[in-house]
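Geometric and topological summary
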Amino acid sequence: MSTVPGNLPARDDHPEADVVIYDGTCRFCRRQVARLARYDGDGRLAFISLHDPAVAERYPDLTHERLMQEMVVVERSGGRHGGAAAIRYLSRRLPRLWLAAPFLHIPGSMPLWRWLYGQIATRRYRWNARAEECEEGACKIHMK
């Protein structure tokens with residue numbers, strides 16, 4: 001059985017849910033997925049850290065390098081959405097994100113959202129580099 005930090009719903013507990021694969025050593029990332037879990041009142045999502053060995057077993061097509069660069073949502077049907085496309089997808093799945101959906105779906109805007117997501121993803125460890133906010137020194141290892 002996969003372990004998920006905090007009280008996030010795990011894939012094993014919600015086999016019919018879309019799976020959000022995120023960086024479980026990143027405090028910023030953990031806060032964001034906790035927010036997603038709060039927005040999901042209907043059990044549409046399950047969560048697993050990219051560092052869980054079950055990820056490589058269940059999703060061999062998703063490389064560690066890709067998962068370190070972007071959150072990935074795996075649909076129940078098997079479709080994959082990474083980074084900004086994952087946020088766009090979730091804006092259609094979670095009612096509390098519906099207000100963001102029109103902006104995320106403006107025709108031709110995806111390059112902007114990818115760039116913005118990339119900027120945040122690249123800096124996520126830097127924002128949490130203080131020792132008291134970083135588990136096992138992971139932030140300093142991944143800072144660029």
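By convention here, each chain's residues receive numbers from 1 onward along its written sequence. Where local features are concerned, this predicted model is filtered to residues with pLDDT of at least 70; where side-chain atom pairs are given and counted, the filter is 80 or more; whole-chain, interface and lining totals use all residues. To obtain the side-chain values, all non-hydrogen atoms of the structure were used and water was disregarded.

Now for the environment of serine 109. Mapped onto the secondary structure, serine 109 falls in the loop between helix H5 (101-104) and helix H6 (110-123). Here a residue-residue contact requires only that any non-hydrogen atoms of the pair lie within 4.5 Å. When sequence neighbours within four positions are dropped, the list of residues in contact with serine 109 reads Arg88, Phe103 and Leu104. Within polar-contact distance, the side chain of serine 109 engages the backbone oxygen of isoleucine 106 at 2.7 Å. The way it works is that DSSP assigns letters per residue, a run of H or I at least four long becomes a helix, a run of E at least two long becomes a strand, and they are numbered from the N terminus. Pairs of N or O atoms are called polar contacts if they sit within 3.5 Å, as long as, within protein, a hydrogen donor faces a hydrogen acceptor (for residues adjacent in sequence, only side-chain-to-side-chain pairs).

Turning our attention to a nonpolar patch on the surface. Together, Leu112, Trp115, Leu116, Ile120 and Trp127 make up an exposed nonpolar region whose accessible area comes to about 510 Å². For leucine 112, the position within the fold is in helix H6. Within this analysis, patches are made of residues with over 30% relative accessible area and no salt bridge. Like charges are joined at 9 Å or less; nonpolar side chains (Val, Leu, Ile, Met, Phe, Trp, Tyr) at 5 Å or less. In these tables, accessible area is a Shrake-Rupley quantity obtained with a 1.4 Å probe, and a residue counts as shielded only by the protein chains included in the view. We count a salt bridge whenever a side-chain nitrogen from Lys or Arg sits within 4 Å of a carboxyl oxygen from Asp or Glu.

With that out of the way, let us pick up the packing of helix H4 (residues 84-93) against H6. As a packed pair, H4 and H6 sit with axes 8 Å apart at the nearest point and diverge in direction by 115°. Our classification of the angle between H4 and H6 gives roughly perpendicular. Each of Ala84, Ala85, Ile87 and Arg88 in H4 lies in contact with H6, whose residues at this interface are Met110, Trp113, Arg114 and Tyr117. Of the residues assigned to the contact of H4 with H6, the class counts are 6 nonpolar, no polar and 2 charged. Structural elements are reduced to axes, namely lines fitted to C-alpha atoms, with helices fitted over the stretch in contact, and the angle between N-to-C directions of any two is expressed from 0 to 180 degrees. Throughout, the term roughly parallel applies to angles under 35 degrees, roughly antiparallel to angles over 145, roughly perpendicular to angles from 65 to 115, and oblique to all others. Charged residues are taken to be Asp, Glu, Lys and Arg, nonpolar residues to be Ala, Val, Leu, Ile, Met, Phe, Trp, Tyr, Cys and Pro, and polar residues to be all remaining types, Gly included.

With respect to the helices, strands and loops of the structure, histidine 51 is situated in the loop between strand E2 (45-49) and helix H2 (53-58). With 30 residues separating them along the chain, histidine 51 and isoleucine 21 place their C-alpha atoms 9.3 Å apart. In contact with histidine 51, other than residues within four places in its own chain, are Asp23, Gly24, Thr25, His64 and Met68.

Attention shifts here to the sheet that holds E2. Reading across the sheet, the 4 strands line up as E2-E1-E3-E4 and stay open at both edges, with mixed pairing between neighbours. Two strands in the sheet have a free side with no partner beyond their single neighbour: E2 and strand E4 (80-82). Here the average twist between neighbouring strands, direction ignored, is 20°. At least two DSSP bridges between two strands are required for those strands to pair. Across 5 bridges, strand E1 (residues 18-22) lies against E2 in parallel orientation. Following the sheet pairing, tyrosine 22 is matched in E2 by serine 49. The sheet contacts of H4 involve E1, E2, strand E3 (72-74) and E4, and relative to E4 the element is tilted by about 115°.

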